[in-house]
Amino acid sequence: MKHARFITGRPTIKFVAILVGAFFLTLAAFTVSAQQTSEAQFRVKNENAFNINLIQFKRTEYVGPCAGTVFSPDSQSARFVSSKTPPGPNRRVIIKNVTEGMETNPYPYTDRGYNKGEFSEDFGFKLGNSHKTRTFSVLEGENNFLYEIKENDQVIEQGALTAEVSVQNLGTFPRQQICQDQVECRDTDDCRDRKGRKRSCRRECFPVQQCRCP
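Residues numbered from 1 in each chain as written. Predicted model: local features only at pLDDT ≥ 70, side-chain atom pairs only at ≥ 80, totals over all residues. Heavy atoms only, no water.

**Side note on the state of the cysteines**
- Taken as a whole and assessed by the stated rule, the structure comprises 2 disulfides.
- The partner cysteine of Cys66 in its disulfide is Cys213, sulfur to sulfur 2.1 Å. Handedness of the Cys66-Cys213 disulfide follows from its S-S torsion of about -95 degrees: it is left-handed. With Cys66 in the loop between β3 (54–63) and β4 (68–72) and Cys213 in the segment after β13 (204–212), the pair connects residues that are 147 residues apart, well separated along the chain. (Disulfide = S-S within 2.5 Å. Helix = DSSP H or I, 4+ residues; strand = E, 2+ residues; numbered from the N terminus.)

This is the structure in structure tokens:
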């Protein structure tokens, strides 16, 4: 009886092993397929290299006379490319950022030439939640984009892609004003000497201290 149970158990173990193996093979195939279906991407310049669909900023908090938040760099230069439809004559690409939290009228977008070389014209990513004319607004975290590639005003490819925006916190630091002496001239309606006293003259020039935040 024990011998019979041992014989009938072997096919069950073998069947389970086959199922487990098939599961992992399917998972691996799905992963490869998911990687290959990413036809469009952003190539973001990062010092001497390019990041794929990764946009990086650094954040510094300042306290003192010049308190505030500063992001560096101010914008990140990037280009667009699709492996399905490379640049060609009379082509342009329109990309919209449809991430939740963006202003929608209109969504932030960029319209760039896609007619020569290997990529689109350059554009700059910048942190923000509304459309800008000089830069392409993104939010911290995952951003969702829709794109259309047009040739002579006819859409020849459209799709979606995502990009991650990471912001590294550098810390909090005091920041003082930068002050310097400059010469200021005033007309006869408000003519003063070096001590600030009013004088009767056609024109007077005197040094004043001007301060600004760096």
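That was the structure; now back to the text.
**A look at the packing of aromatic side chains**
- Following the criterion strictly, the structure yields 11 aromatic pairs and no others.
- With centroids separated by 5.6 Å and ring planes inclined at 20 degrees, the aromatic side chains of Phe125 and Phe136 adopt a geometry described as stacked. Of the two residues, Phe125 sits in strand β8 (residues 123–127) while Phe136 sits in strand β9 (residues 136–138), which places them 11 residues apart along the sequence.
- Exposure remark for Phe125: the relative accessible area of 0% places this residue in the buried category.
- By relative accessible area, which is 2% here, Phe136 ends up buried. (Phe/Tyr/Trp six-rings, centres within 6.5 Å; stacked < 30°, edge-to-face > 60°. Buried < 20%, exposed > 50% of the residue type's maximum accessible area, 1.4 Å probe, protein only.)

**Details of the environment of Ser120**
- Mapped onto the elements, Ser120 comes out in the loop between β7 (109–113) and β8.
- Distance in space between the C-alpha atoms of Ser120 and Ala78 is 9.0 Å, their sequence separation being 42 residues.
- Residue contacts for Ser120: discarding those within four places in its chain leaves Arg79, Phe80, Val93, Arg112, Gly113 and Tyr114. (Contact = heavy atoms within 4.5 Å.)

**Remarks on unusual backbone geometry**
- Cis geometry marks the peptide bond from Ser72 to Pro73; its omega dihedral reads -10 degrees.
- For Asn152, which is not glycine, the phi torsion reads 55 degrees and is therefore positive.
- Tracing the backbone shows Asn152 in the loop between β10 (141–151) and β11 (154–174).
- Residue classification places Asn152 among the exposed residues on the basis of a relative accessible area of 52%.

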